[in-house]
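So the chains spell out like this:
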Amino acid sequence: TTVSVIAARSPAAGKRAEEKYIVDSDRKDGGEALKSPPPRNQGGAGADAGAGIGSNEGKPQAWQDDGKMSPQGAPKEDQQSDKSDKQSYTVWDASLFLFSPENPVRLAAARIKTHKLFETVILSLIAFSSVMLAVDEPRISTCKELPSDHEDSCVTLADFLFIADWVVTILFGLEMIIKMVAMGAFFGKASYISISWNKLDFVIVIISFLSLGLGGDSGLKALRSLRALRALRPLRVVSRYPQLKLVVNSIFGSLPKVRNVGLVNLLFFLIFGIVGVQNWMGALNSCNDTTIEFKEDCVGTFLVKPEDDNCHFLPTPEQIEACQLNGTGSEFPRVWGPPPFHFDHVGAGLLTVFEVASGEMWPDIMYVTVDAVGRDVPQQRDYNPAAALYFICINVVCAFFMLEIFTGVVIDNFNKMKEESQGSALLTDEQQMWVETMKMMLGTAPQRRMRKPPAKQRFRNKMFKVASSKEFELFIMSLILVNSIVLATRHADQSQPFADALAGINLVFSILFAMEAALKIFAFGPRQYSSVGWNRFDFILVVGSFVGIVVDLGQLATLLRIVRVARVFRLVRTSKGLLTLFKTLLFSFPSLVNVGTVLLLVYFIYAVVAMNLFSDIRRGEFLTEDSNFESFFVTMITLFRMSTGESYNGIMHDCMVSPPYCVEGENCGISWFPPIYFVSFFVLTAFILLNLLVAIILDNFNDTVAMDEGREGFTLTDRDMEMFQVIWSKYDPGATRFIPVANMVNVLLELDFPLGLRNTPGVRHSLTLRKRARALLIEMEIPEHDGRVHFHEALTALARHACGQIDLPDTVPILNDLEKQQSRIMRRLTESQHSTASHMAAEMVQDTYRGHRARVEDHRKASARRLREAAGPSVSPIAAARAGNSVVVPMSSGEH
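These figures come from a predicted structure and were not determined experimentally.

Chemist: How should the overall build of the chain be read in this particular structure?
Modeler: A count of helices and strands for the chain gives 30 helices and eleven strands. Across the 896 residues of the chain, 44% fall into the buried class. By sequence separation, contacts in the chain at least 24 residues apart represent 69% of the contacts at least 6 residues apart. Only carbon and sulfur atoms are counted for the fraction: they give 60% of the accessible area of the chain, which is about 48100 Å².

Shown next, in the form of structure tokens:
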């Protein structure tokens, strides 16, 4: 919805200034932008939305004349009243109940908000605040208490972070106030708070002020939770980029369907959870003292000793270290209870069922349950093997079916929203084919062709032929593969003769690759050789290989040799299947970057939350020195590990540790929050975002296969684009993207039908094809730049002629993306004043005039010859020539 808010004086004011601003509010994705209008008499006030101000046609419903004020807080211009010089406003029309639509403060806020630097500054602040969140690690709260002269002190860094946090928070607050003044705060359809992403910004700013205001009492858990919510700041980046919003909106947009599937999933989980509670409630209990079997004996204390490998029961690192050093052990209370996973109540049963359905550590849970005998009864090995069927059913029903349905709903909704955002759903099949053809054309670029040496240099020409041949390329590729296999044979504890043999073989390969480089430099010339990136890379490797013989480069030399294997990717073109996979990756890359960026934001947010809430929890079996939440880098690695499903539930249970395994108020966990944190993270990353990556690749793979199989009825295919590249390179060997206009006739004659005229049905005569080529260039009117045509402009014109005129609606968003991509490709082109039509017309006039002059000369010579023959030897040649010049040759109708 585009809501226009007009702040203007009445028409009777004559030439008084009129101010106008427009709030573009995308009600679908919550985006907004404030734009300044054109001045009066330039399509602005007099013709808003294609109609006069007094007309309802073309206006948004919220602004149509109904005798009332606009709900956005702007009065309508009353065309019927020219007696009053003022407009009356109600309190609801003023933003923050203070600033009317024509208030200078509100107009100034609107100008600031629409300034092109405003969003840049805000994005910079978001990036800076995100860096601060990552730097503000848990160790800062400890090292800042140390004296400033201590080597581990971070007093300066802590003070900087505190001041910078205040500055950033205040600036975010000013941004919010500016938007509220410009748009209105709470009332109206286009107010600040009516937009979803602004609601998120509002909550984040309030939380930031609260956390800083309570900063003096850093021990409060509530404050730590508030500070953890500052991690939501990076989410503000999403609202600034439409492609990221598409990913996030697809997740939130699928919530209604996900809710239904989620309820069905929850129902199955609940059923299995209740079954588990009914069968194994209290049956998994045991004593932490392995020498005790029965509950009534599990009282008092026992000794934990290094030889029993149970010193880790102790609550503090100091006590654990003391236990491991002394031989007597330490006292620890006996506790009768279940393992971290159990079925003692429905909540624990649901969590255990989810862990089993996620496929992580479920065999361990199954083995313990199979050994269960009864409530508070000692376990017996394989007491109830039939219990394994329970866990198999959970995997089949919940993991194989229900969770995959959940993932499928999100993926399906993402594809639908992608089509809607691009406008694909509004296009006919013919229009969609043309859009795909445009994508294919924009992905095509001219290829460089090596120029042959001068003809007189025969030996060099022979070497050029060898270096350019496919056989030579395949031979070099074979050498690269064999060299890689030789490098792969290195192993630990290899014998000295074997190492010497490898060194000798690598020297032989280095010499062969040096010969290849020398041959190409001689055949192509240094300039042409160095113009190709692969050649420059090969030359660096060759030089590095010989430098490595003289100077020990260590692992760097081996790495450079391995990187040479990348040249094998050039073989992709020889295999249709490999080419399809390679194109799939290329086409998927932009979407993969968008989803990957959102995934990285999720990692970042969860990392900051974990550092604030789980950093001081005592370590356990899974929460170790290598996987913890005590620093940003280790936290990110731990989260990545968890998103792959590796022991995420083990870390979750370690974060729920309780006395006597920890000291209350110091290093104990949180009993209720870790399940919410870890389950939500695992669902969001493993089930949704990572599966979105798979969905994008599969979708692009299907499109690529369709392209290779004739593009489902497409007029043009990839083969047509490749042929155009090859033929264009004949006239543009340096890949400058330009060729002379005169060469376009030959390009058309060499290109196969329908893109060109070669093999045109029903036409075989070459002269007829050449005439048709000229006529076609006149018809297409390709822009001309100083007697040359551009690669993409020529290809687009040829494709339009081949596919026919296809009109696309201007409202399709994907066209804007294609136009931006095209403008980037042609950004250096100057505006064309001529086209191939004028060039071909001029050539036709010139050819006609030259033909006429040639016929006149022929007639003159023939007349002179006839006069000499008729008059005999008495007539001099000069007189005959003069007589011939007097002959008038009439012009044909075409020449005329």
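Next, the rest of the story.
Chemist: When you look at the packing of helix α15 (residues 470-488) against helix α16 (residues 496-524) in this model, what are you seeing that I'm missing?
Modeler: What describes two packed helices is the angle between their axes and the distance between those same axes. Relative to each other, α15 and α16 sit at 155°, their axes nearing to 11 Å. Put simply, α15 runs roughly antiparallel to α16. The two elements α15 and α16 meet at a crossing, and its hand is left-handed. Between α15 and α16, the residues in contact are Phe-472, Glu-473, Ile-476, Leu-479, Ile-480, Val-482, Asn-483, Val-486 and Leu-487 and Leu-502, Ile-505, Asn-506, Phe-509, Leu-512, Phe-513, Glu-516, Leu-519 and Lys-520, respectively. Here the contact of α15 with α16 is composed, by residue class, of 13 nonpolar, two polar and three charged.

Chemist: Help me out: how do you make sense of the packing of helix α1 (residues 104-114) against helix α4 (residues 155-183) in this one?
Modeler: Direction vectors running N to C along α1 and α4 enclose 120°, while the axes themselves pass 8 Å from each other. If you check the angle between α1 and α4, you find them oblique. The two elements α1 and α4 meet at a crossing, and its hand is left-handed. Facing α1, whose interface residues are Val-105, Arg-106, Ala-109, Ala-110, Ile-112 and Lys-113, α4 presents Ile-178, Lys-179, Val-181, Ala-182 and Met-183. Across the contact of α1 with α4, the residue classes tally to eight nonpolar, no polar and three charged.

Chemist: Explanation requested: the state of the cysteines in the structure shown.
Modeler: Among covalent bonds in proteins, the disulfide is the one between the sulfur atoms of two cysteines. Scanning the entire structure with this criterion turns up four disulfides. The residue that forms a disulfide with Cys-662 is Cys-668, at a sulfur-sulfur distance of 1.9 Å. Taking the sign of the S-S torsion, about 100° here, the bridge from Cys-662 to Cys-668 comes out right-handed. Residue class for Cys-668 comes out buried when judged on its relative accessible area of 13%. Each bonded cysteine of the chain is numbered by sequence order, and under that numbering the disulfide pairs are 1-2, 3-4, 5-6, 7-8. The cysteine Cys-393 is free of any disulfide, with Cys-398 supplying the nearest cysteine sulfur at 9.6 Å. Given the relative accessible area of 39%, Cys-393 is considered partly exposed.

Chemist: How do you make sense of the environment of Ala-348 when you look at a structure like this?
Modeler: In this structure, Ala-348 sits in helix α10 (residues 346-357). Judged by relative accessible area, which is 9%, Ala-348 ranks as buried. Spatially, the C-alpha atom of Ala-348 lies 8.1 Å from that of Gly-273, the residues being 75 residues apart in sequence.

Chemist: Sorry, what's going on with the pattern of salt bridges here?
Modeler: A side chain with one charge may pair with a side chain of the opposite charge, provided their charged atoms come close. Within this structure, the stated rule accounts for 13 salt bridges. Here Arg-334 makes a salt bridge to Asp-289, at a shortest N to O gap of 2.8 Å. In this pair, Arg-334 sits in the loop between β6 (330-333) and β7 (336-337) while Asp-289 sits in the loop between β4 (286-287) and β5 (301-304), placing the two residues 45 residues apart along the sequence. The buried category is assigned to Asp-289, whose relative accessible area is 7%. In this structure, the salt-bridge partner of Lys-520 is Glu-516, at a minimum N-O distance of 3.2 Å. Of the two residues, Lys-520 and Glu-516 are both situated in helix α16; the distance of four residues between them amounts to about one turn of the helix. Here Lys-520 matches Glu-516 in class, with each residue buried. Here the residues in one salt-bridge network are Arg-774, Asp-847 and Arg-850, joined through shared partners.

Chemist: So what exactly am I meant to see when it comes to the packing of aromatic side chains here?
Modeler: Two numbers describe a pair of aromatic rings. These are the distance of the centres and the angle of the planes. According to the stated counting rule, one finds 34 aromatic pairs in the structure shown. When the ring of Phe-354 is compared with that of Phe-682, the centres are 6.4 Å apart and the planes differ by 90°; the resulting orientation is edge-to-face. Taken as a pair, Phe-354 in helix α10 and Phe-682 in helix α23 (residues 673-708) lie far apart in primary sequence, 328 residues in all. Considering the side-chain rings of Phe-673 and Tyr-677, the 6.1 Å spacing of their centres and the 45° angle between planes classify their relative orientation as tilted. With Phe-673 and Tyr-677 both in helix α23, this residue pair falls four residues apart, about one helical turn. One exposure class covers both Phe-673 and Tyr-677, and it is buried. One aromatic cluster is present, formed by Tyr-603, Tyr-606, Phe-614, Phe-629, Phe-640, Trp-672, Phe-673, Tyr-677, Phe-678 and Phe-681 through successive ring pairs. Above the plane of the ring of Phe-738 lies Arg-788, whose end atom (NZ or CZ) is 4.3 Å from the centre.

Chemist: It is not clear to me how α15 should be interpreted in this structure. Could you clarify?
Modeler: One full turn of an α-helix is made of 3.6 residues, so residues set three or four places apart face in the same direction. Taking 1.5 Å per residue as the helical rise, α15 with its 19 residues ought to reach 27 Å, and the 27 Å between its terminal C-alpha atoms agrees with that figure. Within α15, burial applies to Phe-472, Glu-473, Ile-476, Met-477, Leu-479, Ile-480, Asn-483, Ser-484, Val-486 and Leu-487.

Chemist: Where do I start with the pairing of β6 in this structure?
Modeler: Remark: a regular strand shows side chains that alternate across the two faces of the sheet. Burial along β6 is one-sided: the residues Ser-330 and Phe-332 are buried and none of Glu-331 and Pro-333 is. With four bridges connecting them, β5 and β6 associate as antiparallel partners. Counted as the bridge partner of Val-304 is Ser-330 from β6.

Each value, and the rule that gives it
Residues numbered from 1 in each chain as written. Predicted model: local features only at pLDDT ≥ 70, side-chain atom pairs only at ≥ 80, totals over all residues. Heavy atoms only, no water. Helix = DSSP H or I, 4+ residues; strand = E, 2+ residues; numbered from the N terminus. Buried < 20%, exposed > 50% of the residue type's maximum accessible area, 1.4 Å probe, protein only. Contact = heavy atoms within 4.5 Å. Areas by Shrake-Rupley, 256 points an atom, 1.4 Å probe, with all protein chains shown as cover. Axes fitted to C-alpha atoms, helices over the stretch in contact; angles between N-to-C directions. Parallel < 35°, antiparallel > 145°, perpendicular 65-115°, else oblique. Left-handed = near helix turned anticlockwise from the far one by under 90°. Nonpolar A, V, L, I, M, F, W, Y, C, P; charged D, E, K, R; others polar. Disulfide = S-S within 2.5 Å. Salt bridge = Lys/Arg side-chain N within 4 Å of Asp/Glu carboxyl O. Phe/Tyr/Trp six-rings, centres within 6.5 Å; stacked < 30°, edge-to-face > 60°. Lys NZ or Arg CZ within 6 Å of the ring centre and 35° of its normal. Expected span 1.5 Å × (residues − 1). Pairing = 2+ DSSP bridges.

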